Amino acid sequence: MDFLVAGFIKAVELLINFDQGTWSAICATLRVSTCSMLLSLGAGLPAGFLLGYFDFKGKRALRTVLDTLLSLPTVSVGLLVYAFIASRGPLGQFELLFTLTGIAIGQTILAFPIVTAITASVVEGIDPELKLTLLSLGAGKKNIITTCLWEVRYGLLAAAVTAYGRVLTEVGISMMVGGNIKYHTRTITTAIALETNKGLFADGIALGIVLISIAFAVNISLSFLRKK
Amino acid sequence: MDFLVAGFIKAVELLINFDQGTWSAICATLRVSTCSMLLSLGAGLPAGFLLGYFDFKGKRALRTVLDTLLSLPTVSVGLLVYAFIASRGPLGQFELLFTLTGIAIGQTILAFPIVTAITASVVEGIDPELKLTLLSLGAGKKNIITTCLWEVRYGLLAAAVTAYGRVLTEVGISMMVGGNIKYHTRTITTAIALETNKGLFADGIALGIVLISIAFAVNISLSFLRKK
Amino acid sequence: MSEISYKLNHIQHYYGDKKVLDIDGLQICRGSITGLTGPNGSGKSTLLKIMAFALKPTHGQVWLNGRKEFVLSPRVRSKVTLLTQKPYLLKRSVFDNIAYGLKIRKDMGDIENRVKDALKSVGLAHGDFARRQWHELSGGEAQRVAMAARLVLQPEVLLLDEPVASVDTKSAEQIRKASLAARKNWGCTLIIASHDLPWLYECSDTRISIFQGQIFSTGTENIIPPPYDLSQKNHPVKWLGQNEKSEHIHLAPGKKNNKFAIIQKEKIHIRLEKEKANGWENQITGQITSMVMEKNAELIMTTIQAKDFFIDISLSPDQAENLKLLPGKKIILMFSSRDIEWR
Amino acid sequence: MSEISYKLNHIQHYYGDKKVLDIDGLQICRGSITGLTGPNGSGKSTLLKIMAFALKPTHGQVWLNGRKEFVLSPRVRSKVTLLTQKPYLLKRSVFDNIAYGLKIRKDMGDIENRVKDALKSVGLAHGDFARRQWHELSGGEAQRVAMAARLVLQPEVLLLDEPVASVDTKSAEQIRKASLAARKNWGCTLIIASHDLPWLYECSDTRISIFQGQIFSTGTENIIPPPYDLSQKNHPVKWLGQNEKSEHIHLAPGKKNNKFAIIQKEKIHIRLEKEKANGWENQITGQITSMVMEKNAELIMTTIQAKDFFIDISLSPDQAENLKLLPGKKIILMFSSRDIEWR
Amino acid sequence: ASDKSLMMATTTSTDNTGLLDYLIPHFEQETGIALKWTATGTGKALKLGQNCDVDVLLVHAPAAEKAYIKKGYGKDRREIMYNDFVIIGPVSDPAKIKGKNISDALLTIKNHKSPFMSRGDDSGTNKKEKLLWKNAGIKMPDQEIWYVQTGQGMLATINVAQERAGYTMTDRGTYIKYQAQQGGKAPLKILVEGDKILLNQYSVLTLNPANCPRAKYDLALDFSNWMASKSAQKLIGDFRLLGQKLFIPNAKQL
Ligand SMILES: Nc1ncnc2c1ncn2[C@@H]1O[C@H](COP(=O)(O)OP(=O)(O)OP(=O)(O)O)[C@@H](O)[C@H]1O
Ligand SMILES: Nc1ncnc2c1ncn2[C@@H]1O[C@H](COP(=O)(O)OP(=O)(O)OP(=O)(O)O)[C@@H](O)[C@H]1O
Ligand SMILES: [Mg+2]
Ligand SMILES: [Mg+2]
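Residues numbered from 1 in each chain as written. Chains lettered and ligands numbered in written order. Predicted model: local features only at pLDDT ≥ 70, side-chain atom pairs only at ≥ 80, totals over all residues. Heavy atoms only, no water.

Peer 1: Whenever I open this one, the sheet that holds strand β3 (residues 33-37) of chain D confuses me. Can you help?
Peer 2: One key point about sheets: their strands pair by backbone hydrogen bonds, in either a parallel or an antiparallel sense. Residue and element names in this part refer to chain D. Overall, mixed pairing links the six strands, which are arranged β6-β7-β8-β3-β9-β10 in an open sheet. Looking along the sheet, the strands with just one partner apiece sit at the ends: β6 (80-83) and β10 (214-216). Across this sheet, the average inter-strand angle for adjacent strands is 20 degrees, counted without regard to direction. In this sheet, strand β9 (residues 206-211) lies alongside β3 in parallel orientation, the contact comprising four bridges. Bridged to Thr 37 within β9 is Ser 209. (Pairing = 2+ DSSP bridges. Helix = DSSP H or I, 4+ residues; strand = E, 2+ residues; numbered from the N terminus. Axes fitted to C-alpha atoms, helices over the stretch in contact; angles between N-to-C directions.)

This is the structure:
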């Protein structure tokens, strides 16, 4: 129990003392998660829209597959990405192994199904009258997508926040693809795993608090998007 | 790359040959994830309903906190639970450490914010006319909750499926609280982590495929709940 | 029959800072059918929601059967039922929509037949509609399913917010009959808001009109709506027509804040030509646009349009016949400004 | 003015297996105002959606300005605008709702004033309403905002699905004026579905009635709706009233599948008393329920009810005066079964 | 120096003890080579080398290393240092193994069915443990109830042993850390130690250029040489964790 208290104190210390390792991990985490969120939102929102808006044959099967992809274990994603970007893999020449870019690719694969699945089910809930109204006002395809997504913005926020939570806290990909290299690819989560592995539970808790604080800051800055 | 193919073959072998370790991990995974999903849905659906349905002071702040809890790293949850149920912890006498029950408790803590946050944002999207209609038809508090939730069942399915994905694939809690003890608390994800760490990438992939297959089976059996 | 069902006391309702309802007192008799009229945004739906105990008024209390009641009060739940203006159907079949209210009352006896009867009373065939899904309906059909879902409950009070808004003539007639039957069969008290005045006049035995949140009871009054021209303080004027300042109504002096000009219908006389110097300040040219049979054919509700001012007068068939009144005919509305009250 | 705007060719529409629309041919002239009437579920909304290119008909084509057009065709987008039956407001302010269509057309010049004018044309004050949020409106106000959002686009074709369903009398008059102005100012072609027949008759210059998906044009016809009693094959009968088999209409022989009994309005005569042995099989007792001024006061639309059968006849003021017709009066409808066609 | 960079895969123990954090800055300063490392299980480290994802390895599983070289993946195995393994168990020592030699101790545990925690993760430590069972002439008790495979790191395994009041085998470095965490009141203490066979040899391996032509063989050799150099050996000998010596340098000078 006492390591919880110690962790609290340590968290403050780490941040105040500007601990170099911690700050480098914070930066890595922020860079990687921002990048993967942008990519997965950019691809997942339109994909989810298409899946939720249109009726087509095999839609239900596709949704089931997508839901299944929500259960991709991070280590498996890590292995998959590793297979491609390892020096002998088909993308080996880009030297992405043990880089933040590599992690970001893996996290995008992780977040994409989440964004897409939640977006699709939010878009599915759109009032059919809205579609009719947009068509009747002369909206083109692009207008329809953007307006529909804007109409359900609170639902999409949930998609984004959930995906962000998954990306921010995943360890498997960062570990496998990034390699947990100090000052380079060590993210907060891999650092937590390391400290915990060393038995330094207080340090693990401290870093966990740091991570949660980041999430809190991000969510506060998103909360102005919320419905009052 | 070749380990991906090898992994496929191995996955089939593992299942066909009735590999004891694999089957025990499958059972552990199923038991733990079912249990934690039931608990988190049981608590999260009503909580999310209250949060999404009613307007009260501090609601936005509460939502922000909840969104932040989506970014709880699994290892931190694991540490937290560990702190309470370790033999020296306040709940030490129940001997929950290194048991599936312990893991289920941790996973419930992990899944609860997901279920609650997505439910809340789905419920927030309910047409105000529905509330009025229910009141006007003489619905009591319980009727209002159940009918509202039923009206948005497709959205709730997304909440459940997302939470399930998180629970099924998490490693940190199972490792920390369960201890990855072979034939006892080794789940598929901790087994994957172990095999990968051993450098047996093909085995890792094989177990990943097993996990995804479970998720697929679950999602197929859920898909009859989907909108046609 | 004259037992009091509803009593409203000093009800005020605000949306944000905007006051939309301000009713000093109102009583509704048990077993009566009250028509509620008023222009868009006058507060009809707000009033009905408050009377259905689905909205808490900002100030004031509502008594039902002599008891102060509240939102979600269990006594109220099975007694009062509101048909909302935009009826919402639950995402289930028509049958389940109608049976829903019975199910939550755990009143499941003979449910098949009761649903069938309710569907029939709004003019929908059970066989054709019961198994349809909620989205497989036209606008008017959905409206009528929602109505059936209220009727099946046989509530003590039935509040209907525009029940015939997109309903065809024949079905409107059916809904009227169903409303009367509700009163007859289980002594139901009905309050019905509608813009279809002819229909409403046929349905209801008393009328309330509401204007900018204020109530003008009994339906014997006409409101001369603002804006009023107060440039000569003592002789306020209501200009007719939107822009030109030509024809106008002389109003009574003494306008106070937030008061409206009211005139009793009986104080308005119809002539075929203007009369000179007869002491009546107001002689307004108008045209009859419609004449509709009121309940039981005893009276004819006649609508007269003078520029953008509409007025409804109930005439006896004799009166109409004597003046040879017919839709399209030009007439003179004659009344004194002294008969105009500020309320 | 007689240029053809719309041409519909063999349009059929199915929801699932159910055929809800079956129109062989229909032409709409440019600059005309067409009233679309018919009972609930007859297919009005479906037809309007198809004409707005918001729904692809199961079979058949729609020509606009001589060109075959399709859903989402870019040519159509800025020309045709539909006001849906349940108007949906975007989750933004009233101003943004009205400006939305202009914004997607990238037509932003003088947007403030155009929105203001549109609001004014539906009787809403810009200052009071423009900044309100979409949910801060009463039912009729929302309806009118949606109407304003269509008017502001000044489209070539304006399809209105029950534009005055929950709108007060005065605003309905304003919407009527706005519709006429649209035709006058930019040659707009309007098709308006409504159950408010008096209002619609005042608005439109041609009428189409639609019944179970089939079109009966020109408004000069009355449909005697099913069910028909075919027990004597050669002399089908339409019973009036719901249960009792008392009064009835003799129909013409030769009924075929899916055909309806139609009678031209001019073939129906009004008498004050029954006449014996005059060769007219049908002498039905009815009651006048309403008389409404048609366009320009030249005709009076008279609604007669005989049990559950409603019939509309246009009378000249002279005719009405001669027979001393007034709402509430009992009359006899007289017509021959030979004048009934099966269509 | 930035273009001279080297990627190493190593086992968790070298990283977790802080040895590399202490050692590598010296290396970078002296040679101008930037060294990055990823710390994983021995098995995965070897695999990363086999797949040419890294340039050099620092591991502790002599038998596996030799097989690895034989298969043509590695080259130039260079022994750098060692520490040793110990068997720890509850202070009460229910099976009474204290002071016994390693094979007897294991046999006693087996006969007594006392809980024994194994890492079961194919790490260097785990490989050594399996070797010990074999040497004691005992079939791997893989399916026995008392034989608990944690599949986790050393410290986590010790923690399980503590919770279950059982025995386990650990490297001394991890035990020292564990002891320190318990504030000197550790419920588990060292019961068997000092056997020759318990030595834990760490070696640097370069990769076989025939297998990995793009790996930086020359720089890897530089690292290997530096680790064996006198200065580095002294640094290793001086490294202390919580005041105790952890690694004993034993590189043969060329
Ligand atoms: N949620 C809201 N927020 C702010 N103002 C509102 C809200 N709902 C209604 N209003 C305003 O309150 C007034 C009364 O609305 P209400 O819906 O009761 O009118 P109504 O008489 O039912 O009108 P209608 O005939 O159009 O249905 C209107 O001026 C309307 O603009
Ligand atoms: N989505 C649907 N699925 C199945 N049937 C439908 C669907 N929508 C409408 N219908 C049916 O199609 C027919 C025509 O509907 P439509 O909405 O066009 O009628 P309408 O003339 O507009 O009626 P109203 O006056 O009630 O608005 C109706 O019988 C209706 O029940
Ligand atoms: Mg209203
Ligand atoms: Mg319709």
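Peer 1: Please clarify how the site of ligand 1 should be interpreted in this entry.
Peer 2: Neighbouring ligand 1 are 20 residues, the closest being C:Thr46, D:Arg132, D:Ser138, D:Gly140 and D:Glu141. In this structure, ligand 1 is bordered by residues of chains C and D. C:Gln85 is positioned such that a nitrogen or oxygen atom in its side chain is 2.8 Å from an oxygen atom of ligand 1. In the environment of ligand 1, a nitrogen atom lies 3.4 Å from a nitrogen or oxygen atom belonging to the backbone of D:His135. For the shell around ligand 1, the residue count by class is two nonpolar, 12 polar and six charged. (Near = heavy atom within 4 Å. Polar contact = N/O pair within 3.5 Å; in protein donor to acceptor, adjacent residues only side chain to side chain. Nonpolar A, V, L, I, M, F, W, Y, C, P; charged D, E, K, R; others polar.)

Peer 1: In this structure, what is going on with the coordination of the magnesium ion (ligand 3)? I would like to understand it.
Peer 2: Any two of four tetrahedral donors ideally make an angle of 109.5 degrees at the metal, while pairs among six octahedral donors ideally make 90 or 180 degrees. Residue and element names in this part refer to chain C. Protein ligation of the magnesium ion (ligand 3) involves Ser 45 (OG) and Gln 85 (OE1), the donor distances falling in the range 1.9 to 2.1 Å. Taken together, the residues span a long stretch of sequence, with Ser 45 in helix α1 (residues 44-51) and Gln 85 in the loop between β6 (80-83) and α3 (94-104) at a distance of 40 residues. Relative accessible area serves as the criterion here: at 17%, Ser 45 is assigned to the buried category. A relative accessible area of 18% places Gln 85 in the buried class. (Donors = N, O, S within 2.8 Å, 3.2 Å for Na, K, Ca; no water. Buried < 20%, exposed > 50% of the residue type's maximum accessible area, 1.4 Å probe, protein only.)

Peer 1: What's the story with the relation of the copies chain A and chain B in this structure? I'm lost.
Peer 2: In this arrangement, two copies of a chain are superimposed by a rotation about an axis accompanied by a shift along the axis. When chain A is fitted to chain B, the best match, at an RMSD of 0.1 Å, comes from turning it 180 degrees and sliding it 0.0 Å along the axis. Such a combination of rotation and displacement between the chain copies is what one expects of a two-fold axis. Of the interface residues in chain A, 100% have counterparts in chain B that sit at the interface too, so the contact is made through matching surfaces. (Least-squares fit on C-alpha atoms with pLDDT ≥ 70 in both. Contact = heavy atoms within 4.5 Å.)

Peer 1: Would you take a moment to explain the state of the cysteines for this structure?
Peer 2: Residues and elements named next belong to chain E. Inspection of every chain in the model, using the stated rule, returns one disulfide over all chains. Each sulfur of the disulfide joining Cys 52 and Cys 212 lies 1.9 Å from the other. Residues Cys 52 and Cys 212 are joined through a disulfide that is left-handed, its torsion about the S-S bond being -75 degrees. Taken as a pair, Cys 52 in the loop between α3 (42-50) and β3 (56-59) and Cys 212 in the loop between β9 (199-207) and α9 (217-228) lie far apart in primary sequence, 160 residues in all. In this structure Cys 212 comes out as buried when scored by relative accessible area, which is 2%. (Disulfide = S-S within 2.5 Å.)

Peer 1: How should unusual backbone geometry be read in this particular structure?
Peer 2: Residues apart from glycine generally show negative phi values, whereas peptide bonds are mostly found in trans. With an omega of 5 degrees, the peptide bond between C:Pro226 and C:Pro227 qualifies as cis. Within the secondary structure layout, C:Pro227 lies in the loop between β11 (221-224) and β12 (237-239). Backbone geometry at A:Glu95 places phi at a positive 50 degrees, although glycine is not the residue there. Position of A:Glu95 relative to the elements: it lies in the loop between α4 (74-85) and α5 (100-124).

Peer 1: Explanation requested: the site of ligand 2 in the structure shown.
Peer 2: Close to ligand 2 lie 20 residues; C:Arg132, C:Ser138, C:Glu141, D:Ser45 and D:Thr46 are nearest. Surrounding ligand 2 are residues belonging to chains C and D, so the site spans chains. In this structure, D:Gly43 approaches ligand 2 through a main-chain N or O atom, which is 2.8 Å from an oxygen atom. Here an oxygen atom of ligand 2 and a side-chain polar atom of D:His195 are 2.9 Å apart. Relative to its unbound accessible surface of 640 Å², ligand 2 loses 90% to contact with the protein. (Areas by Shrake-Rupley, 256 points an atom, 1.4 Å probe, with all protein chains shown as cover.)

Peer 1: For this particular structure, what's the right way to read the pattern of salt bridges?
Peer 2: Oppositely charged side chains can form a pair if their charged atoms are brought close together. In this structure the tally under the stated criterion is 52 salt bridges over all chains. D:Lys91 serves as the salt-bridge partner of A:Glu151, at 3.9 Å between the closest nitrogen and oxygen. Of this pair, A:Glu151 sits in helix α7 (residues 141-151) while D:Lys91 sits in the loop between β6 and α3 (94-104), which puts the two residues in different chains. As a salt-bridge pair, B:Asp203 and B:Lys10 come within 3.4 Å of each other at their nearest N and O atoms. Taken together, the residues B:Asp203 in helix α11 (residues 201-222) and B:Lys10 in helix α1 (residues 2-16) connect sequence positions 193 residues apart. The buried category is assigned to B:Asp203, whose relative accessible area is 18%. (Salt bridge = Lys/Arg side-chain N within 4 Å of Asp/Glu carboxyl O.)

Peer 1: Hey, could you run me through the sheet that holds strand β2 (residues 18-29) of chain D in this one?
Peer 2: All names here are of chain D. Read across the open sheet, the four strands follow the order β2-β1-β4-β5; overall the sheet is antiparallel. At either margin of the open sheet sits one strand with a lone partner, and together these are β2 and β5 (67-69). Neighbouring strand axes in the sheet, compared pairwise and without regard to direction, differ in orientation by 25 degrees on average.

Peer 1: Explain the side chain of D:Gln264 here, please?
Peer 2: Checked against the element boundaries, D:Gln264 lands in strand β14 (residues 261-264). For D:Gln264, the contacting residues outside a window of four places in its chain are D:Thr220, D:Glu221, D:Glu341 and D:Arg343.

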